[in-house]
4 protein chains.
Amino acid sequence: MMTAFFHDLAPVRYDPEADDLAFRHYDPDEMVMGKRMEDHLRFAAAYWHSFAWPGGDPFGGQTFDRPWFGDTMELARLKADVAFEMFDIIGVPFFCWHDADIRPEGSSFAESQRNLEEIVDYLIGKMENSRTRLLWGTANLFSHRRFMAGAATNPDPDVFAWSAATVKSCMDATHRMGGENYVLWGGREGYETLLNTDLKRERQQAGRFLQMAVEYKHRIGFKGAILVEPKPQEPTKHQYDFDVATVYGFLKEFGLEEEVQMNIEQGHAILAGHSFEHELALAASLGIFGSIDMNRNDYQSGWDTDQFPNNVPEVALAYYEILKAGGFTTGGTNFDAKLRRQSLDPLDLIAAHVGAMDVCARGLKAAAAMLEDGRLEAMRAERYAGWDRPEGQALLNSDLESIAARVTGGGVNPLPRSGRQEILENIVNRFV
Amino acid sequence: MMTAFFHDLAPVRYDPEADDLAFRHYDPDEMVMGKRMEDHLRFAAAYWHSFAWPGGDPFGGQTFDRPWFGDTMELARLKADVAFEMFDIIGVPFFCWHDADIRPEGSSFAESQRNLEEIVDYLIGKMENSRTRLLWGTANLFSHRRFMAGAATNPDPDVFAWSAATVKSCMDATHRMGGENYVLWGGREGYETLLNTDLKRERQQAGRFLQMAVEYKHRIGFKGAILVEPKPQEPTKHQYDFDVATVYGFLKEFGLEEEVQMNIEQGHAILAGHSFEHELALAASLGIFGSIDMNRNDYQSGWDTDQFPNNVPEVALAYYEILKAGGFTTGGTNFDAKLRRQSLDPLDLIAAHVGAMDVCARGLKAAAAMLEDGRLEAMRAERYAGWDRPEGQALLNSDLESIAARVTGGGVNPLPRSGRQEILENIVNRFV
Amino acid sequence: MMTAFFHDLAPVRYDPEADDLAFRHYDPDEMVMGKRMEDHLRFAAAYWHSFAWPGGDPFGGQTFDRPWFGDTMELARLKADVAFEMFDIIGVPFFCWHDADIRPEGSSFAESQRNLEEIVDYLIGKMENSRTRLLWGTANLFSHRRFMAGAATNPDPDVFAWSAATVKSCMDATHRMGGENYVLWGGREGYETLLNTDLKRERQQAGRFLQMAVEYKHRIGFKGAILVEPKPQEPTKHQYDFDVATVYGFLKEFGLEEEVQMNIEQGHAILAGHSFEHELALAASLGIFGSIDMNRNDYQSGWDTDQFPNNVPEVALAYYEILKAGGFTTGGTNFDAKLRRQSLDPLDLIAAHVGAMDVCARGLKAAAAMLEDGRLEAMRAERYAGWDRPEGQALLNSDLESIAARVTGGGVNPLPRSGRQEILENIVNRFV
Amino acid sequence: MMTAFFHDLAPVRYDPEADDLAFRHYDPDEMVMGKRMEDHLRFAAAYWHSFAWPGGDPFGGQTFDRPWFGDTMELARLKADVAFEMFDIIGVPFFCWHDADIRPEGSSFAESQRNLEEIVDYLIGKMENSRTRLLWGTANLFSHRRFMAGAATNPDPDVFAWSAATVKSCMDATHRMGGENYVLWGGREGYETLLNTDLKRERQQAGRFLQMAVEYKHRIGFKGAILVEPKPQEPTKHQYDFDVATVYGFLKEFGLEEEVQMNIEQGHAILAGHSFEHELALAASLGIFGSIDMNRNDYQSGWDTDQFPNNVPEVALAYYEILKAGGFTTGGTNFDAKLRRQSLDPLDLIAAHVGAMDVCARGLKAAAAMLEDGRLEAMRAERYAGWDRPEGQALLNSDLESIAARVTGGGVNPLPRSGRQEILENIVNRFV
Ligand SMILES: [Co+2]
Ligand SMILES: [Co+2]
Ligand SMILES: [Co+2]
Ligand SMILES: [Co+2]
Ligand SMILES: [Co+2]
Ligand SMILES: [Co+2]
Ligand SMILES: [Co+2]
Ligand SMILES: [Co+2]
């Protein structure tokens, strides 16, 4: 039985000529580089922003009136009903959740746990009648006041314990629901002031916590990937998982670089002073690329605006890096995106996802066309051609003294060559 | 024989009551925590900004009229004469250089090399008549157009070779001059556009280059530290040595974390989205703290302004982290700071250094007082006390399942405690 | 009768030698440039952050447990009781409020109005037993969802009307309580996207709204100042009252530059890309300086952190501009500052204010000493001395042709002179 | 006779199917909303970046080897020859210059003036054999060290005089060459430190200077527009012409708002914390929109990168505002854009312009299509419909008391309506 929330809206169809609500670019079955578009993009909707967020910001409270807002199990089931109605309408193959999104908090850990198990059963029932599967689950270790000073990195060992138990229960639930990944975002793993913070201790706590999560994954036979989502700041002044490069160093220290991959969010890349494609390319070059949150920030705002993507050229450069890295395996394109708080109508929620999926579809097709065209990669390879020659390789196996002898002898006279940036950008613009 | 540049200005004295040019706070011989202030701070003047920079910015050219500007060896010697006069006037125990600061570029590598050797001889002569020693030398691998696309990370192996030869010659010169450290700053090790960049190749080149530098240090018996100076951007859009955390991951990948330390600049920390004390504390906690460039940026400007420090409370927090890390060993406090381009007078150069040294002296004394007072550290320790108890340690050796059993059983109920940030800031303000 | 909230804490005393909670620098009766320090600084506590804010941020909810949280008139009176206890403990001569801070929202405008009137009576009663007076009142036109698209600049005239009625009621209340100013902060006067925004209409609405407020002030004989508080963004992507310069242009357009002054917040200056002292100096130079919110932002965070001030050198430069402008008349130093959300203890609230007041007292005394010393102003005047000569003044009354004739004739040959920035900064550092 | 610089490259043709260098979107004669595309866009090339900039940045010197670099009149003529060859190849109808770009600096003002007059004659000769006309001329009052502390706002009246004479000579030259506008960019009108700055004096100087320029325009019968180009910072810490809103207030103070319009640069809008379209829409709504510099900044870099535009969706939103404002009259689309310093080849210069012109052509066509479609404007109008009704208008002519009576009486109950941002963004994405 349907809820009335979306007023019996039919599933959104693909129709490039439509004048109403339709996908103009996203055709799940269209083949791109030998694979169905749906299997490339692996879209996921986010439970929290779409169904649990009330519309507040630091200067104002709830704007959304949703019939499922409240703390009972009955409302949690209504929320699930509406969520799956949206998944069906927009045709996303995946969704994602935090425990706090899907079940009411209980008065004890045990009660929260029972609530979670009960709602997981309910969601599994929903999934049996839907084609939407679980991309990833994760634990909300940042909203409740008990986490205000961190979860794994809390000065109080009891919070570490509570967090560990929560990750176990969320990984169990993810595993039971057939989730393809398990995500950790350390929203409170950081600090507000160095004056009360012991960086060294907190790093050890965080490293051990992540090791435990990986150990537990293997113990229960969870085959999905463990993903860490970097973010440099907000809510805290400094977050330990600042960016891909920072997390890589952390993984190396704790021997986890083969076990953990990155869930990279566009908006977090921007906050960290990078481009999204930089974070993607870096993760790929380090062998730790996993999945993405395809939600943008406003370049003009210094905080995480989590907006639906709308700039095709930018999105195309992101998928270009993803395709070069071989595409997603367990990962996918999650919209960790929220409506603007003035977008009150149910239709806004549908249209936002449809528009975003179309932007991604255009971006993917442009990226594939750039790769198939081959000019960009040929020009890049040509630029480094000297390193492919035996002398180039020999140089890396040499030493300063030998090299200096050759240079001082006059045998080396480097001549600058054009980097051709504008020409490369023009080539990109033929495809986006 | 003195040049006329500083008009026979006498060495600046320590006089807290002076109304004219004097140190009001920096007394080299004052004991702070059992060590002379001079031996704590280990001040160094930077040859480049003080003597080689003409005052240009992206919208205007030279403002300074210095009698030594030009490309001859004779002018290079005059420059050295004036530099040592300044070192004597301000009483800095150290200075630092790039090759390009101290010698004219030749028409070939060999000629540049001869110029360097000749001026190094001259500088050694100057040092014999001065108490100023060499804190570090470094190679300028960023100003000449041959480096426009990188030095070690250049797509052209010939530039790698040229750069390697240059590092050898600069490390030789540093060694010969008794330098206490050798620094690498990768001003062009980065990219302008990902479209023409192969991140993986360039990372391998950079890693091998740094290994070669370390190998060469051991071969020649140079006992100083090898220091890398992080910076996130500028001149390039993205620089590989983004910040301390990034360089740490890089060192781990190439097995260099025991061989290389950090030279941390306040302005670069700010550009990377950190506080200076964060970068210092992080490097210390990772065991890679080495030295500092004590020049600030303007928070309002999005580029590296390299100004002399002038905010005592900020400087105090930096020295607090340095003292907690045990203070400098081979490192020191270098002013990688330039005059504002309107500060035309010789006296401006003296006054800028004197003011900065006084700011650092006040900061050091405040930091020492905070440590000796002990309240900050006691409050920090108290906050983590739970982790020092056997149950805390046992927790880190446990696993998710055991922990979850305990939490579900109701044995854990974390109660938030105040982080006391404002009280801690008030304590700091009693000392700064 | 006292509430138990602050555990009968005695008023904080002035004791420069104290080792416990005390003012070390703020002595209300100390004379500074011929005026009592209290009368210079005119401190005000902010009702909202200290008593109405639950500790939430975009990723987490309430952290503070305050016995007065809730929506009844009884709790509103308890809140007022505790507030005045704090005012007495810290000895602030002023406080400030929004309507939403002091009274529960009713189910209709009329009910909210009755609640406001009732609580205003209660506050007037509190003021009779306290020396704390009202610095300013203001209307909260941003938290409730009805204001989500603006107050005066809402596309719906009904929201304009509701806002106008609210301003009337708040100005009446301010007048009745003897408030010295009335403030308008346009937290929702801006936009999220230009695509749905008519800049021209909204500007007209805002201009007319402000005119009405000024007209009403005169009608009721309110003698206080009307203050506008600029902020560039947050909550909205762009706020119309971006900074002092922007508001000046707006006031000029609507003929209000003689009627309205600025309430300048440090954190908002930073967000707008300025220094605090810039905004103060600019407002003073335009004749529209009024009052300040002395709460800082974290330079590292891209949002408004509203922290208590803790950097004396920065605060000193702010008071230097204020003293040069003649000091406050109706304005004062309001702490629009909130505790960090981890600062749970009642004592944190007291200590935060005490520390901030001490920082301001030190800043004020340093600023006064710089002015009395006179060197800074003498050097500034000397720099512009050419303009005080008759030829300088004549130049401004001339025209391009006459000037060009003189220049072409060779009569003008400007010679750069040092701007002496570092020397000036050194002078400042003798006093802070 | 042709120089060899561009190797006899033929004029770039329009060919949407081309696989080599061609315009794929810019067809000058294509009609867009009833006007030729060329007449809409009014492209201009910038003399300085393309022909006078050596490729330096703050950490490196010249990278470009151009045969015309040097200080003689003969080289200045060669530069002009090459410039006009480029104008012909890319088919721009306009160009722009600073005096310092086109003539060598003389040893006196008079000699600089003679150089300028001579090269202006030469350029007029070039224009007779070309279809490229002058969009605007301007004076470089920022590069020479005499301007280091400002031009009109210099503490030294002699610099004011020199600057005034320079503006006269540049306006004369612009007038003689048939220029359609005269631009003022105050690159040094600002400050490095408030400590040595008198904001009030400098504002008076700047206001009087601009009045003189306007008076002189009328005296000589120059019919073009006087344009001011805002920029918030860089080279200085703070520039007085911060953004459009700031300049508007300045114009109002000096009675110039009917005489002066804005030349708005994308990169400067970003540096000021705005979007480009914001600055355009604001200027249009204030009646002071004039012309644009269509060069972007890198969102990731905190300085002015002056890159050629390459993001069509962003450019489309800019032209949307321009078309809504009625399009250009005397203004145009200037590329104040420089090659990346690694783009050494002559072909890079051509390709950069061609790519940028195509991006603009696509943007313009998309903007026109959005306007012709009409949905965006219809939805905007519908949102404000309440204000078009008599009650809406009456409200603006009312007063707080009357409004409050109605609201308190219960006659007003605003109900939030969706802002539909995502739906609007989806509509835009149908056209870009
Ligand atoms: Co986010
Ligand atoms: Co995310
Ligand atoms: Co620097
Ligand atoms: Co440095
Ligand atoms: Co604020
Ligand atoms: Co405020
Ligand atoms: Co620019
Ligand atoms: Co420009």
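Quick caveat, the model's predicted, so the values are computed rather than measured. (Residues numbered from 1 in each chain as written. Chains lettered and ligands numbered in written order. Predicted model: local features only at pLDDT ≥ 70, side-chain atom pairs only at ≥ 80, totals over all residues. Heavy atoms only, no water.)

**Section: the interface of chain A and chain C**
Many analyses report the size of an interface as the accessible area lost when the parts associate. Threshold: Working rule for contacts: check all heavy atoms of both residues, and any pair within 4.5 Å makes them a contact. When two components associate, each loses some accessible surface as probed by a 1.4 Å sphere; the sum of these losses over both components is called the buried area. Should a side-chain nitrogen of Lys or Arg be within 4 Å of a carboxyl oxygen of Asp or Glu, the pair is scored as a salt bridge. Any pair of nitrogen or oxygen atoms within 3.5 Å is treated as a polar contact; in protein, a donor-acceptor pairing is required on top of that, and neighbouring residues in sequence qualify only through side-chain atoms on both sides. For this scheme, ten residues count as nonpolar: Ala, Val, Leu, Ile, Met, Phe, Trp, Tyr, Cys and Pro. Four count as charged, namely Asp, Glu, Lys and Arg, and the remainder, Gly too, count as polar.
Across the boundary between the two partners, chain A contributes 32 residues, which contact 32 residues of chain C. Where chain A abuts chain C, roughly 3100 Å² becomes buried across the two surfaces, and 49% of that area is made up of carbon and sulfur atoms. The largest share of the area that chain A buries against chain C comes from A:Phe59, A:Arg145 and A:Met148, three residues that together contribute 25% of it. The tally of links between chain A and chain C comes to 6 salt bridges. Here A:Lys237 makes a salt bridge to C:Asp298, at a shortest N to O gap of 2.6 Å. For the interface between chain A and chain C, the tally reads 18 residue pairs in polar contact (both at pLDDT 80 or more). The residue inventory of the side of chain A that touches chain C, partitioned by class, reads 9 nonpolar, 12 polar and 11 charged.

**A few points about the coordination of the cobalt ion (ligand 3)**
Octahedral six-donor coordination of a metal ideally yields angles of 90 or 180 degrees, compared with 109.5 degrees for tetrahedral four-donor coordination. Residues and elements named next belong to chain B. Let me state the cut-off plainly: A donor here means any N, O or S atom no more than 2.8 Å from the metal (3.2 Å for Na, K and Ca); water is not included, so a site may seem to lack partners. The rule is simple: four donors are tetrahedral if all their angles sit between 85 and 135 degrees, four are square planar and six octahedral if opposite donors span more than 155 degrees and the others lie between 65 and 115, and anything that fits none of that is irregular. A run of DSSP states H or I qualifies as a helix once it reaches four residues; a run of E qualifies as a strand once it reaches two. Both are numbered from the N-terminal end. Type-normalised accessible area, obtained with a 1.4 Å probe on protein chains alone, sets the label of each residue: buried when under 20%, exposed when over 50%, and partly exposed for intermediate values.
At this site the cobalt ion (ligand 3) is bound by Glu265 (OE), His268 (NE2), Asp304 (OD) and Asp306 (OD), with donor distances of 1.9 to 2.4 Å. Considering all 4 donor atoms around the cobalt ion (ligand 3), angles at the metal cover 79 to 161° and the coordination shape is irregular. Spacing between the donor residues of the cobalt ion (ligand 3) along their common chain follows E-x2-H-x35-D-x1-D. Metal-to-metal, the separation of the cobalt ion (ligand 3) and the cobalt ion (ligand 4) is 4.4 Å; Glu265 coordinates the two. In this pair, Glu265 sits in strand E10 (residues 260–265) while Asp306 sits in the loop between strand E11 (289–293) and helix H11 (312–324), placing the two residues 41 residues apart along the sequence. Accessibility expressed as a relative area gives 3% for Asp306, which makes it buried.

**Let's talk about the relation of the copies chain B and chain A**
The test is simple: For this overlay, a least-squares fit was computed on C-alpha atoms, restricted to residues scoring pLDDT of at least 70 in both copies.
In the superposition of chain B on chain A (RMSD 0.0 Å, axial shift 0.0 Å), the rotation amounts to 180°. In symmetry terms, the pair is related by a two-fold rotation axis. Ranked by how close their C-alpha atoms come to the rotation axis, the residues of chain B are headed by B:Gly249, at 1.8 Å. The fraction of interface residues of chain B whose copies in chain A are also interface residues reaches 100%, indicating that both copies meet through the same surface.

**Concerning the relation of the copies chain A and chain C**
Look at the two chain copies: a rotation about an axis and a shift along it is all it takes to match them. Of the transformation placing chain A onto chain C, the axial shift is 0.0 Å and the rotation is 180°, giving an RMSD of 0.0 Å. The fraction of interface residues of chain A whose copies in chain C are also interface residues reaches 100%, indicating that both copies meet through the same surface.

**Section: the interface of chain B and chain A**
Taken together, the 88 residues of chain B in the interface contact 88 residues of chain A. Taken as a group, B:Leu195, B:Tyr384 and B:Leu400 account for 10% of the area that chain B buries against chain A, more than any other trio of residues on that side. Here chain B is connected to chain A by 6 salt bridges. Ionic pairing is found between B:Glu401 and A:Arg219, a salt bridge with its closest N-O pair at 2.9 Å. Linking chain B with chain A are 29 residue pairs in polar contact (both at pLDDT 80 or more). Here the side of chain B that touches chain A takes 11 residues from helix H7 (residues 199–220) of chain B, the largest share from any one element.

**Describing the packing of H11(B) against helix H12 (residues 346–373) of chain B**
Residues and elements named next belong to chain B. Short version of the rule: Note on geometry: axes are C-alpha line fits, over the in-contact stretch for helices, and angles between N-to-C directions span 0 to 180 degrees. Here the word oblique covers every angle except those under 35 degrees (roughly parallel), over 145 (roughly antiparallel) and from 65 to 115 (roughly perpendicular). Crossing handedness: left-handed means the near helix sits turned counterclockwise from the far one by under a right angle, and right-handed means the same turn made clockwise.
One can describe the packing of H11 onto H12 by two numbers: an axis separation of 7 Å at closest approach and a directional angle of 55°. When the interaxial angle is binned, H11 and H12 end up oblique. The hand of the H11/H12 crossing is right-handed. Only Val359, Cys360, Arg362, Gly363, Leu364, Ala366, Ala367, Ala368, Met370 and Leu371 of H12 make contact with H11, whose side of the interface consists of Val312, Val315, Ala316, Tyr319, Tyr320, Leu323 and Lys324. A per-class count over the contact of H11 with H12 returns 14 nonpolar, 1 polar and 2 charged.

**As for the UniProt feature "binding site: Mg(2+) 2" (unreviewed entry) in chain A**
Residues and elements named next belong to chain A. Condition: UniProt positions are given in the numbering used here, feature names are shortened, and annotations may be inferred rather than shown by experiment.
Here, the residues flagged by UniProt with the feature "binding site: Mg(2+) 2" (unreviewed entry) are Glu265, His268, Asp304 and Asp306. Across 42 residues in sequence, these annotated residues keep their C-alpha atoms within 10.3 Å of one another, forming a single compact spot. Contacts of Glu265, omitting those with residues within four sequence positions, involve Glu229, Phe276, Asp293, Asn295, Asp304, Asp306 and Asp336. Ignoring anything within four residues of it in the chain, the contact list for Asp306 reads His49, Glu265, Asn295, Arg296, Asn297, Asp336, Ala337, Lys338 and Arg340.

**Some points on the packing of aromatic side chains**
Residue and element names in this part refer to chain A. Rules: For Phe, Tyr and Trp, where Trp contributes only its six-membered ring, two rings pair if their centres lie within 6.5 Å, and the inter-plane angle classes them as stacked under 30 degrees, edge-to-face over 60, or tilted in between.
A complete count under the given rule lists 102 aromatic pairs over all chains for this structure. Ring centres of Phe109 and Trp162 lie 5.3 Å apart, and the angle between their planes is 90°; this geometry places the pair in the edge-to-face category. Of this pair, Phe109 sits in helix H5 (residues 109–128) while Trp162 sits in helix H6 (residues 157–176), placing them 53 residues apart in sequence. For Trp162, a relative accessible area of 8% translates into the label buried.

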